[in-house]
Amino acid sequence: MSSDETGETAEARRRREALREKAQQVKARQARNRVLRRAAIVLGVVAVVAAVAFAVTNAVVPTLSKPTLNPANMQDDGVVLDETVVGADDDDEADEAEAQTNAAPAVEIHVYVDYLSEASGVFQRTNAAQLKEWVEQGAVSLVYHPVALLTSKSNGTKYSQRAAGAAACVWEHAPEAFIAYNHELLTNQPSPDSDGYSDAELADRAIAVGAANTQVVRACIENEDYFSWAREATERALTEPLPGTDDVTLSGAPMILVNGQSYVGSLERAEEFSQFVLNVSSDAYLRTATPTPSPAPTPTDEPPAPTPTDGE
């Protein structure tokens, strides 16, 4: 058996080199595994970040970038109800409406309602019949403004805002049903601090009161087409002068303006509100009425000159 200068035999040298090679292979395999583990961790983090980004993009960005849809045929974010919407029952009522219109200018009544506001419901139940009668007679121009002041009072479902948007959907796609739907939402309200009606239930109620364009109305309500509009309309009412006023802004619901004057009387006494409207309309009539000019004096012959007397 041969040996080198160190006295190591060839067999021992082969075993040592084999062990060194095996150790190098193990070291290389461990290094490769570490690289693979790090790569897997990085890929996992990237996947999580990508998933979160995708969710944010699909859930938040469309909401932020989606343009606000505005319902048509509104006046100052309000629904104008006149004889054409309410409808007179017969020719006698139409004649009476014409006589009323010719006698005095129509009184403008703006009613701001939150569909979760109990006080708004009280005013509606108390005054709906006489408001309808005044509109049929042409004595009143009635404008309902759905607003969302109690959005935080429905366990996070934003019922006030959704209901205001639903009312706008009905006015946009089934205006013949707006009066009934507005009355339904105000007189059959969900309990305060509840979830309120779901979008599907809001659509069901619209169809139940006679909205004819059922598929379009349901899609508008359930897709919340006018949800953003309801918020923006409320912000405008809170920060900009209300119709017919110089500096009055929305301060609560209901808020009733009669020719620009705020009604602060009882919500439960129809006669008190009627008297307020009568007083305001009389004042308006007196301010706008043109006095009848007095007839000009009829010219008369000049008196004869005095006859000279004797001695003059």
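The name an unreviewed UniProt entry assigns to the protein is Thioredoxin-like fold domain-containing protein, from the organism Microbacterium album.

Caption draft 1: Representation of empty space enclosed by the protein in the model. In total, this model carries one cavity of 30 Å³ or more according to the counting rule given. Within this model, the largest cavity holds a volume of roughly 40 Å³. Top element by residues in the lining of the largest cavity is helix H6 (residues 159-173). It accounts for four residues. Split into classes, the residues belonging to the lining of the largest cavity amount to six nonpolar, one polar and three charged.

Caption draft 2: The arrangement of the pattern of salt bridges in detail. Applying the stated criterion across every chain, the model contains nine salt bridges. Close ionic contact of Lys132 with Glu136 constitutes a salt bridge, the shortest N to O distance being 2.5 Å. Here the residue Lys132 and the residue Glu136 both occupy positions in helix H5 (residues 118-137), the gap between them amounting to four residues, near one helical turn. Of the residues examined, Glu136 reaches a relative accessible area of 10% and is grouped as buried. Between Arg218 and Glu222 there is a salt bridge, and its shortest N-O distance comes to 2.9 Å. Of the two residues, Arg218 and Glu222 both sit in helix H9 (residues 214-222), four residues apart, roughly one turn of that helix.

Caption draft 3: Main features of helix H7 (residues 178-187). Within H7, seven of the ten residues are buried, leaving the element largely enclosed by the surrounding structure. Three or more residues of H7 are buried, namely Phe178, Tyr181, Asn182, Glu184, Leu185, Leu186 and Thr187.

Caption draft 4: Up close: the pairing of strand S3 (residues 140-146). Counting buried positions over the seven residues of S3 gives six, a clear majority of the element. As defined by bridge partners, strand S1 (residues 79-81) adjoins S3 across three bridges and the pair is classed as antiparallel. Bridge assignment links Val80 to a residue of S3, and that residue is Val143. Relative to S3, strand S2 (residues 107-113) runs parallel, the two sharing seven bridges. Bridging from a neighbouring strand, Val113 pairs with Pro146 of S3. At this point the chain moves from S2, through H5, to the parallel S3, and the crossover so formed is right-handed.

Caption draft 5: Structural context of the packing of aromatic side chains. Considering all chains together, one arrives at six aromatic pairs under this definition. Taken together, a centroid distance of 6.1 Å and an interplanar angle of 40° make the contact between Trp134 and Phe273 tilted. With a gap of 139 residues between them, Trp134 in helix H5 and Phe273 in helix H11 (residues 270-288) connect regions that are remote in the sequence. For the pair formed by Trp134 and Phe273, the shared burial category is buried. Residues Tyr263 and Phe276 carry aromatic rings whose centres are separated by 5.3 Å and whose planes lie at 55° to one another, so their mutual orientation is tilted. Linking Tyr263 in the loop between strand S5 (261-262) and H11 with Phe276 in helix H11, this pair joins segments that are 13 residues apart in sequence. The two residues Tyr263 and Phe276 agree in class, both being buried.

Caption draft 6: Broad picture of the packing of H6 against helix H10 (residues 227-239). Two elements in contact, H6 and H10, have axes whose closest approach is 8 Å; the angle formed by their N-to-C orientations is 105°. Looking at the two axes, H6 sits roughly perpendicular to H10. Across from Gln161, Arg162, Ala164, Gly165 and Ala168 in H6, the residues of H10 making contact are Phe227, Ser228, Trp229, Ala230 and Arg231. Tallied by class, the residues present in the contact of H6 with H10 amount to five nonpolar, three polar and two charged.

Caption draft 7: Molecular detail of H9. Of the residues making up H9, those classed as buried are Val217, Cys220 and Ile221. Mapping the buried residues of H9 onto a view down its axis gives an arc of 95°, with all of them on the same face. Tucked inside the fold, the buried residues of H9 contact H6, H7 and helix H8 (199-208). Positive backbone phi, approximately 55°, marks Glu224, located one or two places after H9.

Caption draft 8: Here's a closer look at the nonpolar core. Core analysis: the biggest nonpolar cluster contains 49 residues, and Ile109, Leu142, Tyr144, Phe178, Ile221, Val258 and Phe273 have the highest contact counts within it. With nine residues, H6 is the largest single contributor of residues to this core. When near neighbours in sequence (up to four residues on either side) are disregarded, Val258 contacts Val107, Glu108, Ile109, Phe273, Phe276, Val277 and Val280. By size, the runner-up hydrophobic cluster in this structure holds seven residues, among which are Ala237, Leu242, Leu250 and Met255.

Conventions used here
- Residues numbered from 1 in each chain as written.
- Predicted model: local features only at pLDDT ≥ 70, side-chain atom pairs only at ≥ 80, totals over all residues.
- Heavy atoms only, no water.
- 1 Å grid on protein atoms, 1.4 Å probe; cavity = no way out; pocket = protein on both sides within 12 Å on 5 of 7 lines; lining within 4 Å.
- Points joined across faces, edges and corners; volume = space filled by probe spheres on them.
- Helix = DSSP H or I, 4+ residues; strand = E, 2+ residues; numbered from the N terminus.
- Nonpolar A, V, L, I, M, F, W, Y, C, P; charged D, E, K, R; others polar.
- Salt bridge = Lys/Arg side-chain N within 4 Å of Asp/Glu carboxyl O.
- Buried < 20%, exposed > 50% of the residue type's maximum accessible area, 1.4 Å probe, protein only.
- Pairing = 2+ DSSP bridges.
- Right-handed = clockwise from strand over helix to strand, strands pointing away.
- Phe/Tyr/Trp six-rings, centres within 6.5 Å; stacked < 30°, edge-to-face > 60°.
- Axes fitted to C-alpha atoms, helices over the stretch in contact; angles between N-to-C directions.
- Parallel < 35°, antiparallel > 145°, perpendicular 65-115°, else oblique.
- Contact = heavy atoms within 4.5 Å.
- Arc of directions from axis to C-beta.
- Core = buried A, V, L, I, M, F, W, Y, C linked by side-chain atoms within 4.5 Å.

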